[in-house]
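The lines below spell out each chain.
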Amino acid sequence: MDACDECGHIKISYNSCRNRHCPKCQALSKERWVMARNDDLLPVPYFHVVFTLPDELSMPAFQNQGVMYDLLLKCAHGTLRELAADKKYLGAEVGCISILHTWGQNLNHHPHVHMIVPGGGLTKEGKWRDSRKKFFIPVKVMARKFRGKFLHHFKQMNLEWSGGLQELRDPKKWQEFLNILYQKNWYVYCKRPFKTSNSVISYLGRYTHRVAIANHRILSVRDTEVSFKWRDYRDEKKEKVMTLSVDEFMRRFLLHILPPGFTKIRHYGFLSPAAKKKKLTLCKRLTGAKITIKAPEKLSYVELMKCLTGHDITLCPHCGKGHFVPISGLSPPVAV
């Protein structure tokens, strides 16, 4: 409970659950993360690349989340790194931010990786090399490389099989399954480059701390049903309404709870934590970017809200003069 130090007006501030899968609790975390990334931007075009696992691998990935999601992230970056190093395409080391998502618009299991990639890279001679206006690696080339790299490691993994996948313990069924995966065209997509650095920052915020469904998409919650908006990409991206039983809605949402401690946002190349201090500073110097020496200030949630909204959330709306101060309360719950 908070009380105004001028007029005594009381308000209740509810503790957050602080769970990383909660849409409300991720809002300020997202803003802090995005503000910290602002100093990493270069004055070059940025591309958005998406690597997606085929539907056949959805259930194996769900049954072996930690190792399969880790392999997905590593193979997506490995594909980009190896092809970018080829002089045929760029001949330089690139940097990227990778973000794991596991859902589609209808909340079904759909593992894929979003990557934000600067348009250029650092050569072995320590020079900056700009990319083409279009993405420097053809998506079909990336898709084939990604498929080969992922399946090479997938075949060597000691995975757990349950339910309908137990039949894959049979060598013949296993080989048939692999043949289907090798023959299928894997989906890799690249969007047009962003126009400005500010566009990159705002776009990052949409993907980094997103959870399976945002509150604004939920239209109604009844005793037995939940209705929500979704966009059908197979039908010209038309917006539709889906109604599910409460149990089915909960089942689909819980498909996307990540293993404890799993890192879903990763930095690679010259943006990786190990190389960032030296290589990113060099990239900034070569591209004419502003070099920040002072570490970004860590703002309190009150300062952050004022920075984002322009309003002092401690100011009393009743008298307009005093400020709220805590007078009593419960300890926040233990973070999960």
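From a predicted model like this one, the values you see are computed outputs, not experimental measurements. (Residues numbered from 1 in each chain as written. Predicted model: local features only at pLDDT ≥ 70, side-chain atom pairs only at ≥ 80, totals over all residues. Heavy atoms only, no water.)

(A) Structural detail: the overall build of the chain. Looking only at helices and strands, one finds nine helices and 13 strands in the chain. Here the C-alpha coordinates of the chain stretch approximately 75 × 55 × 40 Å along the principal axes. Within the chain, the fraction of its 336 residues that count as buried is 43%. Within the chain, residue pairs in contact and separated by at least 24 positions form 70% of the contacts whose partners lie at least 6 positions apart. Summed over its atoms, the accessible surface of the chain is roughly 19500 Å², and 54% of this surface lies on carbon and sulfur atoms. The averaged location of the 29 negative side-chain charges in the chain is 8 Å from the averaged location of its 55 positive side-chain charges. (Helix = DSSP H or I, 4+ residues; strand = E, 2+ residues; numbered from the N terminus. Buried < 20%, exposed > 50% of the residue type's maximum accessible area, 1.4 Å probe, protein only. Contact = heavy atoms within 4.5 Å. Areas by Shrake-Rupley, 256 points an atom, 1.4 Å probe, with all protein chains shown as cover. Lys, Arg positive; Asp, Glu negative; His and termini not counted. Charge placed at Lys NZ, Arg CZ, Asp CG, Glu CD.)

(B) Structural context of the nonpolar core. Formed by 49 residues in total, the largest nonpolar core has its most connected members in Phe 135, Ile 137, Phe 150 and Phe 154. For this core, the secondary structure elements donating two or more residues are strand 3 (46-52), helix 3 (65-85), strand 4 (96-103), strand 5 (109-118), helix 4 (139-154), helix 5 (171-183) and strand 8 (188-190). Broken down by element, the residue count for this core peaks at 10 residues, all from helix 3. Residues contacting Phe 150, with those up to four places away along its chain left out, are Leu 53, Leu 57, Met 68, Leu 71, Leu 72, Cys 75 and Trp 186. Judged by nonpolar contacts, the second largest core, of 23 residues, contains Val 34, Leu 42, Leu 204 and Cys 283. (Core = buried A, V, L, I, M, F, W, Y, C linked by side-chain atoms within 4.5 Å.)

(C) Structural view of the packing of helix 1 (residues 26-37) against helix 9 (residues 301-309). It is at 11 Å that the axes of helix 1 and helix 9 come closest, and there the two elements cross at 75°. The angle between helix 1 and helix 9 falls in the class roughly perpendicular. In this structure, helix 1 contributes Leu 28, Glu 31, Arg 32 and Met 35 to the contact, and helix 9 contributes Tyr 301, Leu 304, Met 305, Cys 307 and Leu 308. Across the contact of helix 1 with helix 9, the residue classes tally to seven nonpolar, no polar and two charged. (Axes fitted to C-alpha atoms, helices over the stretch in contact; angles between N-to-C directions. Parallel < 35°, antiparallel > 145°, perpendicular 65-115°, else oblique. Nonpolar A, V, L, I, M, F, W, Y, C, P; charged D, E, K, R; others polar.)

(D) Fine view of the packing of aromatic side chains. The full count for this structure, using the stated rule, is 15 aromatic pairs. Between the aromatic rings of Phe 47 and Phe 136, the centroid separation amounts to 6.5 Å while the plane-to-plane angle is 90°, which identifies the pairing as edge-to-face. Taken together, the positions of Phe 47 in strand 3 and Phe 136 in the loop between strand 7 (128-130) and helix 4 put the pair 89 residues apart, joining distant regions of the chain. Of the two residues, Phe 47 and Phe 136, both sit in the buried class. Ring pairs connect the aromatic residues Phe 51, Phe 146, Phe 150, Phe 154, Trp 161, Trp 174, Phe 177 and Trp 186, which therefore count as one cluster. Stacked on the ring of Trp 33, the Lys or Arg Arg 37 has its end atom at 4.9 Å from the ring centre. (Phe/Tyr/Trp six-rings, centres within 6.5 Å; stacked < 30°, edge-to-face > 60°. Lys NZ or Arg CZ within 6 Å of the ring centre and 35° of its normal.)

(E) Region of interest: the environment of Thr 52. By the element assignment, Thr 52 lies in strand 3. In this structure the C-alpha to C-alpha distance between Thr 52 and Asn 15, which are 37 residues apart in sequence, comes to 37 Å. Those residues within four positions of Thr 52 in sequence are excluded, and the remaining contacts are His 110, Pro 111, His 112, Phe 146, Trp 186 and Tyr 187.

(F) Fine view of unusual backbone geometry. At Leu 107, a residue that is not glycine, the phi angle is positive and equals roughly 75°. Overall, Leu 107 belongs to the buried group, its relative accessible area being 0%. Phi is positive for Lys 237, which is not a glycine, with a value near 60°. Inspection of the secondary structure assignment puts Lys 237 in the loop between strand 10 (225-232) and strand 11 (238-245).

(G) Spatial organisation of the sheet that holds strand 1 (residues 2-4). Read across the sheet, three strands follow the order 2-1-13 without closing on themselves; strand pairing throughout is antiparallel. Edge positions in the sheet fall to strand 2 (10-11) and strand 13 (324-326), since each has one partner strand and no second. Relative to strand 13, strand 1 runs antiparallel, the two sharing three bridges. Bridge pairing in strand 13 places Asp 2 opposite Pro 326. (Pairing = 2+ DSSP bridges.)

(H) Up close: the pattern of salt bridges. Inspection of every chain in the model, using the stated rule, returns 16 salt bridges. A salt bridge links Lys 74 to Asp 70, with the nearest nitrogen and oxygen atoms 3.1 Å apart. Taken together, the residues span about one helical turn, with Lys 74 and Asp 70 both in helix 3 at a distance of four residues. Owing to a relative accessible area of 46%, Lys 74 belongs among the partly exposed residues under this scheme. Taking relative accessible area as the criterion, Asp 70 reaches 21% and is therefore assigned partly exposed. Here Glu 82 ties to Arg 81 by a salt bridge, and the two come within 3.7 Å at their closest N and O atoms. Look at Arg 81 and you get partly exposed, because its relative accessible area is 40%. A cluster of three or more residues bridged by salt bridges with shared partners is formed by Arg 81, Glu 82, Lys 145 and Lys 149. (Salt bridge = Lys/Arg side-chain N within 4 Å of Asp/Glu carboxyl O.)

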